[in-house]
Amino acid sequence: MQLRYSFRLYPSAGQRMALARAFGCARVVYNDALRARETARSEGLAFPKTGDLSKQFITDAKRTPERAWLGEVSAVVLQQSLRDLDAAYRNFFDALKGKRPRVGAPRYKSRRDSRQAVRFTANARWSITAGGKLRLPKIGDVRVRWSRTLPSTPSTVSVVKDSAGRYFASFVVETGPEEILPEATPEVGVDLGLGHFAVLSDGRKIDSPRFLRRAEKRLKKAQRDLSRKEKGSQNRDRARIRVARAHARVADARREFHHRLSTKLIRENQAVAVEDLAVKGLARTRLAKSVHDAGWSAFVTMLEYKAARYGRTFVRIGRFEPTSQVCSACGVKDGPKPLHVREWTCGACGAVLDRDVNAAVNVAKAAGLAVTARGAQVRRGPVPAPRGEAGTRPEPHPTTVRQTGIALL
């Protein structure tokens, strides 16, 4: 399978100017090609092909005074920009046909977009130097912070500038069967929530870090400072970067937490089951901020691709499965319960169940995993005594009367 590895880049002042030039040229070619296709659509003409667009907006444009500066960047960057436009149109048409989730039509790029990126393929002859720097055509040798070793030789590299002004090198690599882990016995169901980020079917509970909630005070101050700056001023631009960096720290911490927990679950268990949550629907409720802070979708995506990478089984059960209404001990459906009920007693078998652990066990059972209710914190509730044994002073039996020698008249 293909994986993407990202590393932090530290370009010099001259290299940042060269990267800004590459971002701008790729953006102009993309917008020119998009405008040509939109014009052809509005006039009822044939859809322009990528080869014709490349000749018109790259090869021929370099010979004109208005677009001569396109020759200052690598031609591969400009070609990849047209491929990105093709991918945007392909995704849009597939969404109209119902082949993928709904996406909008391709839009024009702006120099004020929060994310700028260019891509270099093998044709660009980029390389990693002996000193560990990333050599890019017409940009130079850029310093890289290598946090780990690439599993194989990358096929492409994308240079990305995010909204916080940070630069990253993103590599696409191929991984083989050597990544498969040895088989493990445990199988686990995962119930995702807000009070606890994840509750496992074996009874373990992982607390929710709530990174956004913890950083709200700092974010509020940075956002307030930004709102007081004059629009278009350099002070406002610096304040915007401070806000973006504060949000980037929160996002990085959340992503690190997701990676650590997903890797731990995949390594320890042969099979992992989760529930398909309606995140978009929950994000429209009063719990929206907490739902976005948890980042369930990103975590589930990590579990899915890591399971495929390491040879594990990943199961996603339907969102309408009544995991919180069914007793994991006897299987009787006890009906819906409000959110404040965290523990309930089964009316059929009398078992006292923890709501979250019971749901995790039911998630695993619905996925067909070999789990029991043993880890669901099940305990027997008080059973009413028979009516004959409920009194504090029961009537004496005849045998007791004969033994004591008491005569009843």
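Before reading on, note that the structure itself is shown above.
Scoring rules and cut-offs
- Residues numbered from 1 in each chain as written.
- Predicted model: local features only at pLDDT ≥ 70, side-chain atom pairs only at ≥ 80, totals over all residues.
- Heavy atoms only, no water.
- Helix = DSSP H or I, 4+ residues; strand = E, 2+ residues; numbered from the N terminus.
- Contact = heavy atoms within 4.5 Å.
- Areas by Shrake-Rupley, 256 points an atom, 1.4 Å probe, with all protein chains shown as cover.
- Phe/Tyr/Trp six-rings, centres within 6.5 Å; stacked < 30°, edge-to-face > 60°.
- Lys NZ or Arg CZ within 6 Å of the ring centre and 35° of its normal.
- Pairing = 2+ DSSP bridges.
- Axes fitted to C-alpha atoms, helices over the stretch in contact; angles between N-to-C directions.

### A few points about the overall build of the protein chain
Right, so step 1: Across its full length, the protein chain holds eleven helices and 15 strands.
Right, so step 2: For the protein chain, restricting intrachain contacts to residue pairs at least 6 apart in sequence, the fraction spanning at least 24 positions comes to 65%.
Right, so step 3: When the accessible surface of the protein chain is totalled, it reaches about 24600 Å², and 51% of it is carbon and sulfur.

### Comments concerning the packing of aromatic side chains
Right, so step 1: Per the counting criterion, the structure on display carries ten aromatic pairs.
Right, so step 2: Members of the aromatic cluster, connected to one another through ring pairs, are Phe7, Trp126, Trp146 and Phe171.
Right, so step 3: One cation-aromatic arrangement involves Lys109 over Tyr30; the distance from NZ or CZ to the ring centre is 4.4 Å.

### Points about the sheet that holds strand β11 (residues 271–275)
Right, so step 1: Here we have five strands laid out as an open sheet, ordered β10-β9-β8-β11-β12, and mixed in their pairing. If you trace the sheet from one side to the other, it starts and ends with β10 (205–207) and β12 (313–317), each paired once. Across the sheet, the axes of successive neighbouring strands diverge by a mean angle of 20°, strand direction being ignored.
Right, so step 2: One ladder, built from five bridges, connects β11 with β12; its direction is parallel. Residue pairing for β12: Val274 is matched across the bridge by Arg316.

### Some remarks on the sheet that holds strand β5 (residues 140–145)
Right, so step 1: Pairing is antiparallel across the open sheet formed by seven strands, whose spatial order is β2-β6-β7-β1-β5-β4-β3. Two strands close off the open sheet at either side, each with one partner strand: β2 (116–120) and β3 (127–128).

These figures come from the coordinates and say nothing about function on their own.
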